[in-house]
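Tertiary structure, described
Chain by chain, the residues:
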Amino acid sequence: MITDLSHKKIRFAIIASSILKEPFVCFYLLLPYFLLKDLQATALHTVIYTSTKPISSFFSFYFSELVSRQGMTLKYAMLWAGILARIAFIPALIFNDVNLYILGSTMYMIFTRAETPAWMEAIKINVHREKWEKTFSKGTIVGYSTGILITILCTSWIDDSLFVWKASFAISLVLGLIAVLIQALMIDNDHQVKTLSKGVKQTLSAPVKEGFSLLKQEPEFARFLWSFMIGGLGLMIIQPVIQIYFTDVLFISYSDLMISFCICKALGVVFTTPIWNTLMKNVSFNFFVFLVLGGFALFSFFLMFSQFSISFIYVAYLFSGISQAGSHLVWHLSGPIFSKEHSSTQFTAVNVLMVGIRGLVGPAMGWGLLYFIHPTYIFMISMLLCLSGNFFYVFRRTQSVESNS
């Protein structure tokens, strides 16, 4: 039963974990640039690094299946995933090897994404429905505000000291572990993680089959996921392009990158999250998705002009933050919203799986395009894909309404 105490404890966990996890988020965003600049990673390393992040969603999907078979509750599933995600970086920090950093990043993404379905379900069963958006938004604002403060403190030395960067990276991992422990301890209402499949013999294939079966049963959820698939592919193809272009062509410093990622983007998130929160309650879900993907299209649009001035990069990441604020809400809460009175873990797990599917082709596609056309045109293709995701959602929803009328 949801009580005021359970709500307050989860609200505390959201805010505390947002503060404690944000330092690692800031330093983790610089990792691919650190690999390119200081460890002489190749373009192929960059593509592998970028690809393994979304592809790790496949393994996250099966981790959820594994813990459900072991009879783990939401609390213990989160705790194990959070610990495994962070200790994976220990070998990389000791040996300072590119491949170990890529492996650590892959393991981190696998287990942090595996942690998401359990955490979203914990929020759902411990917080009153009318307070989901507001409670979740507070954590988003606090987290990104923390990122702004960290960037202001770090920009004076981040370009000069490799040792300090590694030490900060390690300390931020420890803070992340503390955050996961707090999250687990604050869960009052708990239950066993629900499984997607029923047969032990089909452990590998059944979750995917059941996932796509869920999409057939929930056509509105399927339309949402496919629109995000198309728009998300637009964002995916430019990830390796941004890293290589910023590092090898524009020669952007770590401090400027942190300003872009952790101040400009964070300001977009912090100042518009309350607006997105209000919009989610007062506009249709499809219009909300339309605005999110439209904002990401503007992100790619301004990146097209990054060769002329770093100011365009700042503006691009401001729009990225604005869109991210809406995307953060809609992506994480889509499971609880579409599942209605049922468990949301299946919906969120399928959401995570779709991230992995587009990760199979997006980064490699962007890397391939880079050999034939200038990054400006790849940014243009990205913008068109984001807009296409919008048109797909509106068009398919219109068709559905007409067929039902």
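These numbers come from a predicted model, not from an experiment.

1. So, the packing of aromatic side chains
- Counted according to the given criterion, the structure contains 28 aromatic pairs.
- Between Phe285 and Phe338 the ring centres are 5.1 Å apart and the planes differ by 85°, which places this aromatic pair in the edge-to-face class. Residue Phe285 is found in helix H13 (residues 285–303), and its partner Phe338 is found in helix H14 (residues 310–339); the two are separated by 53 residues along the sequence.
- Taking 5.3 Å as the distance between ring centres and 80° as the angle between the ring planes, the aromatic pair formed by Phe301 and Phe302 counts as edge-to-face.
- Through successive ring pairs, a cluster of aromatic residues spans Phe221, Phe224, Phe228, Phe285, Phe338 and Phe347.

2. Some remarks on the pattern of salt bridges
- All told, the structure shown has 3 salt bridges when counted by the stated rule.
- As a salt-bridge pair, Lys9 and Asp188 come within 2.8 Å of each other at their nearest N and O atoms. Residue Lys9 is located in helix H1 (residues 4–29), and its partner Asp188 is located in the loop between helix H8 (162–185) and helix H9 (206–217); the two are separated by 179 residues in the primary sequence.
- Across the pair Lys21 and Glu115 runs a salt bridge whose closest N-O atoms are separated by 3.1 Å. Taken as a pair, Lys21 in helix H1 and Glu115 in helix H6 (residues 98–126) lie far apart in primary sequence, 94 residues in all. Here Lys21 and Glu115 have matching classes, each one buried.

3. Observations concerning a nonpolar patch on the surface
- Among the surface-exposed residues, Ile83, Ile87, Ile90, Ile94 and Phe95 lie close enough to one another that they form a single nonpolar patch of about 490 Å² accessible area.
- Within the residue set of the nonpolar patch, elements represented by two or more residues are helix H4 (74–87) and helix H5 (90–95).
- The leading source of residues in the nonpolar patch is H5, at 3 residues.
- For Phe95, a relative accessible area of 59% translates into the label exposed.

4. What to know about H1
- Its 26 residues place the ends of H1 36 Å apart at the C-alpha level, agreeing with the 38 Å of an ideal helix rising 1.5 Å per residue.
- The sharpest bend along H1 reaches about 35° and sits at Lys21, with the proline Pro23 one to four residues further on.

What counts and how
Residues numbered from 1 in each chain as written. Predicted model: local features only at pLDDT ≥ 70, side-chain atom pairs only at ≥ 80, totals over all residues. Heavy atoms only, no water. Phe/Tyr/Trp six-rings, centres within 6.5 Å; stacked < 30°, edge-to-face > 60°. Helix = DSSP H or I, 4+ residues; strand = E, 2+ residues; numbered from the N terminus. Salt bridge = Lys/Arg side-chain N within 4 Å of Asp/Glu carboxyl O. Buried < 20%, exposed > 50% of the residue type's maximum accessible area, 1.4 Å probe, protein only. Patch = residues over 30% accessible without salt bridge, like charges linked within 9 Å, V, L, I, M, F, W, Y side chains within 5 Å. Areas by Shrake-Rupley, 256 points an atom, 1.4 Å probe, with all protein chains shown as cover. Expected span 1.5 Å × (residues − 1). Bend = angle between axes of the 7 residues up to and from the residue.

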